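# Working through the structure, step by step
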Amino acid sequence: MLPQEMWTWFFWSKFSTNSPLNLYYHKLFLYFKKFSMYQPVFGDDKILMLFRVLQENMWLRRYMTRVLHRIQKGPLFTTSELLIWYCQNTNTHGPGRVIAGGPKKRTAWMLITLTVLCVMLWQWYEIAQEYLSYGVTVTVTMGFQKLNFPAVTICNLNPYRFSAINKYIEELDNYTQLVLNGLYTEVGRDEWKFTRGLAKHWDFTPLVWIEKLPNGFRVTDIVSEKCEWQNGTLSQVVQSNMVLQDNCLSQEQPRGSEKGIGFRLCDLSGHECLYKVFNSAVNAIRSWYQLQLLDLLGDLSQADKAKLGYTAKDLIHACIFSGQTCEAKSQARNFSSFFHPIYGNCYTINSGDDPLQVSNPGVEFGMSLILSIDQHDYVPYLMRSAGALVMLHPQGSYPFLQEGGIYILPGMETSIGIEMEDIELLGPPYSNCTKDGLDLSVPNLYNMTYSFQVCLTSCFQMHMVRECGCGYYLYPLPPGAEYCQKNSHWAYCYYKLYHRLSHENTSCMDACKQPCSDKEYHMTISMADWPSETSEKWIFHILSKEKNTSGGAKINRNNIMKVNLYFEEFNHKTTMESPAQTLITLLSNFGGLFGLWMGGSVLCIIEAAEIIVDLMWIGIIWLAAKMKELRARSQKQPSFSDAPPSIQQLEQQGHVNSVCETETVPGVGDSGGPPPAQTEEVESAQQPIPSTPPPKYEALNVRCPHLLKCDSDRWEEFVDRL
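Residues numbered from 1 in each chain as written. Predicted model: local features only at pLDDT ≥ 70, side-chain atom pairs only at ≥ 80, totals over all residues. Heavy atoms only, no water.

## Remarks on the overall build of the protein
Filter applied, for reference: Segments assigned H or I by DSSP are reported as helices when at least four residues long, segments assigned E as strands when at least two residues long, and all are numbered from the N terminus. Each residue is placed in one exposure class: buried if its accessible area under a 1.4 Å probe, protein chains only, is under 20% of its type's maximum, exposed if it is over 50%, and partly exposed if it falls in between. By definition in these notes, contact holds between two residues if any of their heavy atoms fall within 4.5 Å. Computed with the Shrake-Rupley method and a 1.4 Å probe, the accessible areas treat only the protein chains shown as cover for residues.
Scanning the protein from N- to C-terminus turns up 23 helices and 23 strands. Across the 722 residues of the protein, 39% fall into the buried class. Contacts in the protein between residues far apart in sequence, at least 24 positions, make up 72% of those at least 6 positions apart. Surface exposure of the protein reaches about 44,000 Å², of which carbon and sulfur atoms provide 56%.

Written out as structure tokens, the structure reads:
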């Protein structure tokens, strides 16, 4: 560590003058003395280098000295002199006329200049507000180039083959059939007794009648014949507490009542329930059947469920693109499959990173598919419609089939003309969009291209897992969660959450944003009978031979369909957003208005800025001089904490002074009377000797004559006060 003498020698050799700037360096030196304890870590060279930097940057010291001298001298010009000089020398129109001419002209030009200045500032404010609103301009352009063909996802509306799943749903089908027989017909007690025996597996979601009464509604269990009465209005989903009574069906139905069907969903404790109400028994039975099927297949893995559905060879009979088979176009590498909880096995064509390209519009340059659905193997109580589902979407995006799928009817040739549109939105602050969704609080559970629908479903799934303890079967799961099929009471929590999220402005709509870049496909759909009556015989014969059907089942109009996908025109539309006003246009508008109203330019603005800086500098110098004057006055007039002494107090202080005390002449008696033989000289010696009391020097504050000659302790104390 450096010795104390070396520190002192180094510092005083570099800064030895007693200026206000060096006082700051003195205090800095004391901090470095305290810092010396860390010298073994940093080393002597680095600490000495800091002082050398201060020495080399002496321009700062000289500049600060000049500033202090300038402040001490006071302002060179007054404010009025500076403003007159500006009006005489500025290039802006108007200020020069304010100081020229007679009083009337000066007043008129003063008013005109101020009015024009106010109008210009108001228009500047309006332009600035328009710029800060971040408005956009939408530009639509048409491009002509090779187009990437979209990904095509195909599904059968029937998720499972009835021949493969029958062993899992046999009891459920028997129970459903008995319930259907007893809905609108009289059923014997023996048959209902058998039904009640099967109902033990599905007591948590019983089918119920819901009758609307004048003062409320009545809910009746179709199988157990128990009922409950509720007051109030009946909405689509009703929340209530169960109060069941027996033999409700035996009571006479009130006149004017409206009857509906639905099913009851209760929580795990059975004390709180919801009622899902439908206008038709067809919709009620189908939704109820689907819930039961999910619970029955909950123990099966996804691979086992996929084996119960249709393979790609069963569904896709033929695929042709631009006159060649899809395999010849290397389409096999872009072929993928996935299992959908509602539609079963789905297959995506042209899903890879190297999509097929189209160079001409029309059907012959598009994709043609022949699909077979095997309608005879449909699950009877699960599907109400027959056909296939086709959806077009960009590569890398997830197909939301329920929202964007197109139904393809059997026995028809469906032609779908495609128009592609690219949408490019500006990011913040112009629009509330996101590029890839990574800046949102909602995780992307699909691990695919971000979309608004992906964000909404992921947000709902996160709410479902957090509030219900398990995930909804339609959406992917977050890490560590499981689906709700094995939980027999999950439907109550799901419908309650869905009802709340769909009727309230929840956090999902606020948390999700539109993507800044998106691709949309606008479709035109047309249909025709296929094949025709004159050609169906030979077409069905050839297709049956190609498919190698066995067991006497042949392809007919109910099982076959054709789909044509093509671009209608060889162009694509691009919709882009651009800023309505950029920084360049903002400055241009400012300059145009300034030139229109004041006849100025950028140099005139610099002149105005210069005069403002000069005025501020004059104000600073004036304030410094004023403060200096006030400080000098306070030093000349000493202040006393007590009131000034009176004349009597001063006289007492003078008599008390030991110097001014009256001395006793020898020979004079204590009684005060002179002896009888006293002479005239002795009488003159008895008179008091006049004198002036000396000042009290202890009231003076004697300071050190020079700061540098004080001892080190007094110097450090003085610097610490700074």
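Read on for the rest.
## A short note on the pattern of salt bridges
Inclusion rule: Here, a salt bridge means any Lys or Arg side-chain nitrogen found within 4 Å of an Asp or Glu carboxyl oxygen.
Applying the stated criterion across every chain, the model contains four salt bridges. The partner of D422 in a salt bridge is K519, with the nearest N and O atoms 2.7 Å apart. Here D422, found in strand 18 (residues 412-424), pairs with K519, found in strand 21 (residues 517-529); they are 97 residues apart in sequence, far enough to count as distant. Here E629 makes a salt bridge to R633, at a shortest N to O gap of 2.8 Å. Here the residue E629 and the residue R633 both occupy positions in helix 20 (residues 602-636), the gap between them amounting to four residues, near one helical turn. Look at E629 and you get partly exposed, because its relative accessible area is 34%. We classify R633 as partly exposed; its relative accessible area is 49%.

## Digging into unusual backbone geometry
Omega for the bond connecting P428 with P429 falls within 30 degrees of zero, at 5°, which places this linkage in the cis form. Mapping P429 onto the fold places it in the loop between strand 18 and strand 19 (433-434). Of the consecutive residues W530 and P531, the connecting peptide bond is found in the cis state with omega at -10°. Here the phi dihedral of Y134 falls at roughly 55°; this positive angle occurs in a residue that is not glycine. Structurally, Y134 can be placed in the loop between helix 8 (103-132) and strand 1 (136-143). Judged by its relative accessible area of 26%, Y134 falls in the partly exposed class. A positive phi angle, close to 50°, is found at D374, a residue other than glycine. Looking at the secondary structure, you find D374 in the loop between strand 15 (367-372) and strand 16 (388-393).

## What to know about the side chain of N345
Put simply, the rule reads: Here a polar contact means two N or O atoms within 3.5 Å. Within protein one must be a hydrogen donor candidate and the other an acceptor candidate, and residues neighboring in sequence count only if both atoms are side-chain atoms.
Among the structural elements, N345 can be located in strand 13 (residues 344-349). Here A306 takes part through its backbone oxygen, which lies 2.8 Å from a polar atom of the side chain of N345. Here N345 is in contact with I154, C155, A306, G309, Y310, F338 and F339, once residues within four sequence places are set aside.

## A few points about the packing of aromatic side chains
Definition in use: Ring pairs are drawn from Phe, Tyr and Trp, using the six-membered ring of Trp, whenever the two centres fall within 6.5 Å, and their geometry is named by plane angle: stacked under 30 degrees, edge-to-face over 60, tilted for the rest.
For the structure shown, the criterion picks out 27 aromatic pairs. A ring pair is formed by F460 and Y472, whose centres lie 6.4 Å apart and whose planes are at 80°; its orientation type is edge-to-face. With F460 in helix 15 (residues 452-468) and Y472 in the loop between helix 15 and helix 16 (490-503), this residue pair connects regions lying twelve residues apart in the sequence. F460 sits in the buried class, given a relative accessible area of 9%. An aromatic cluster is present here, built from F263, F278, F460, Y472, Y473, Y475, W490, Y494, Y495 and Y498 joined pairwise through their rings.

## Some details on the state of the cysteines
The cut-off we apply is this: Count a disulfide wherever a pair of cysteine sulfur atoms falls within 2.5 Å.
Within the structure shown, the criterion is met by six disulfides. Through a disulfide, C155 is tied to C346; the S-S separation comes to 1.9 Å. On the sign convention where negative means left-handed, the S-S torsion of about 125° between C155 and C346 marks this disulfide as right-handed. Remark: C346 occurs in strand 13 and C155 occurs in strand 3 (residues 151-156); sequence separation between them is 191 residues. Covalent S-S linkage joins C455 and C512, the inter-sulfur distance amounting to 2.1 Å. With the S-S dihedral at roughly -85°, the linkage between C455 and C512 falls on the left-handed side. Of this pair, C455 sits in helix 15 while C512 is found in the loop between helix 17 (507-511) and strand 20 (514-515), placing the two residues 57 residues apart along the sequence. The class for C512 is buried, based on a relative accessible area of 5%.

## A short note on the sheet that holds strand 16
Cut-off, in case you're wondering: Two strands make a pair as long as DSSP finds a minimum of two bridges between them. Axis definition: a line fitted to C-alpha atoms, over the contacting stretch in the case of helices. Angles run 0 to 180 degrees between N-to-C directions.
As summarised here, the arrangement of the five strands in space is 12-13-3-16-17, forming an open sheet in which the pairing is antiparallel. In the strand order of this sheet, the two ends are held by strand 12 (336-340) and strand 17 (406-408), each with one partner. Here the strands of the sheet are splayed against their neighbours by 30° on average, with no regard to which way each runs. Judged from the three bridges that link them, strand 16 and strand 17 form a sheet pairing that is antiparallel. From the neighbouring strand, V390 faces strand 17, where its bridge partner is I406.

## Overview of the confidence of the model for the protein
Keep this limit in mind: The predictor attaches a confidence to each residue, and that confidence, scored 0 to 100, is pLDDT.
Taken residue by residue, the protein gives an average pLDDT of 75. The fraction at 70 or more is 67%. For residues 697-711, every residue scores under 50 in pLDDT, and the model assigns this stretch six contacts once sequence neighbours within four places are set aside.

## Topic: the environment of E364
Tracing the sequence through the fold places E364 in the loop between strand 14 (357-358) and strand 15. Of the residues examined, E364 reaches a relative accessible area of 54% and is grouped as exposed. On a C-alpha basis, the gap between E364 and S322 in space is 5.8 Å, while along the polypeptide they are 42 residues apart. Ignoring any residue separated from it by four or fewer positions in sequence, one finds E364 in contact with S322 and G323.

## Focus: the pairing of strand 22 (residues 560-567)
Note on strand geometry: in a regular strand, side chains alternate between the two faces of the sheet. Across the eight residues that make up strand 22, a large majority, seven, are buried. The pairing of strand 15 with strand 22 spans six bridges and is classified as antiparallel. Bridge assignment links L369 to a residue of strand 22, and that residue is V563. When strand 18 meets strand 22, the two strands line up parallel, connected through six bridges. Across the sheet, the residue bridging to I416 is L565, located in strand 22.

## Some words on the environment of N558
Position of N558 among the secondary structure elements: in the loop between helix 18 (536-547) and strand 22. A C-alpha to C-alpha distance of 9.6 Å links N558 and M412, two positions 146 residues apart in sequence. In this view, N558 contacts I373, Q375 and P410; residues no more than four positions away in its chain are not counted.

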